[in-house]
Amino acid sequence: MTDETEVVTQVAIEPEALEGSTESPEVEVVTGLEALGALKEEQEIILVREPKLDAQGRAYATGKRKNAIARVWLKPGAGRISVNGREVEVYFARPVLRMLLGQPFEVSERVDSYDVVCTVTGGGLSGQAGAVRHGISKALTYSEPTLRTVLKKGGFLTRDPRVVERKKYGRAKARRSFQFSKR
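Residues numbered from 1 in each chain as written. Predicted model: local features only at pLDDT ≥ 70, side-chain atom pairs only at ≥ 80, totals over all residues. Heavy atoms only, no water.

A. Molecular detail of the packing of aromatic side chains. Enumeration over the complete set of coordinates arrives at two aromatic pairs. Ring centres of Tyr60 and Trp73 lie 5.1 Å apart, and the angle between their planes is 45°; this geometry places the pair in the tilted category. Note that Tyr60 is positioned in strand 3 (residues 59-65) and Trp73 in strand 4 (residues 68-76), a separation of 13 residues in sequence. Owing to a relative accessible area of 35%, Tyr60 belongs among the partly exposed residues under this scheme. Ring geometry for Tyr91 versus Phe92: centroids 5.0 Å apart, planes at 85°, classification edge-to-face. (Phe/Tyr/Trp six-rings, centres within 6.5 Å; stacked < 30°, edge-to-face > 60°. Helix = DSSP H or I, 4+ residues; strand = E, 2+ residues; numbered from the N terminus. Buried < 20%, exposed > 50% of the residue type's maximum accessible area, 1.4 Å probe, protein only.)

Below you can see the structure in the form of structure tokens.
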């Protein structure tokens, strides 16, 4: 299943072309379900994903986590990461958050091979770090479609659906009751 925005090229390969035989095989007339089986064997379709890059050679993706939304631009470079115009060490001061951003590069073995420029809005620092990680992962698949299987297996392309539960009426918070008073 492919996204609507994703460019996919279908390449049809005939088994005879793979074998390299120049002789024409004998043709049999087959009907019904046998014809469907023969047709499936006859033609094998391979999906080849093409890179999605803009005019400057950058891959763009949007990442989301909790209430944070990150717009990420990825281009080949020395491995610099800029978040909202500041260096990643300044913006994400906690080492755990910086480690979160580097995970897609480590899994795909592309450490220090891409420069990342991103803008993040909404949520807290933890949600923003998760959104940037999600955006980096999607942008990596757009620049190098062969990395999709590796990142998908690591769970980096799945948007984390957990968000804050809403407050209910008659309650202090989402689930906490008001303090009980006997009298």
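Moving on from the coordinates now.
B. Here's a closer look at the sheet that holds strand 5 (residues 81-83). Ordered by their spatial adjacency, five strands build an open sheet running 3-4-7-5-6, and the pairing between neighbours is mixed. Unpaired on one side and paired on the other, strand 3 and strand 6 (86-87) mark the two borders of the sheet. Direction of pairing for strand 3 relative to strand 4: antiparallel, over a ladder of seven bridges. By the bridge assignment, Thr62 is partnered in strand 4 with Arg71. (Pairing = 2+ DSSP bridges.)

C. The arrangement of the pairing of strand 7 (residues 114-121) in detail. When strand 4 meets strand 7, the two strands line up antiparallel, connected through eight bridges. In the strand pairing of strand 7, Arg71 is matched with Thr119.

D. Up close: the pattern of salt bridges. By the definition in use, this model includes seven salt bridges. The partner of Asp115 in a salt bridge is Arg80, and the shortest N-O contact between them spans 3.4 Å. On the criterion of sequence distance, the pair formed by Asp115 in strand 7 and Arg80 in the loop between strand 4 and strand 5 is long-range, its members being 35 residues apart. Residue Asp115 is classed as buried on the basis of its relative accessible area of 8%. The exposed category is assigned to Arg80, whose relative accessible area is 52%. Salt-bridge contacts for Arg110 lead to Glu144; the nearest nitrogen and oxygen are separated by 2.7 Å. Note that Arg110 is positioned in the loop between helix 4 (95-107) and strand 7 and Glu144 in the loop between helix 5 (125-143) and helix 6 (148-154), a separation of 34 residues in sequence. Within this structure, Arg65, Asp160 and Arg162 form a network of salt bridges that share partners. (Salt bridge = Lys/Arg side-chain N within 4 Å of Asp/Glu carboxyl O.)

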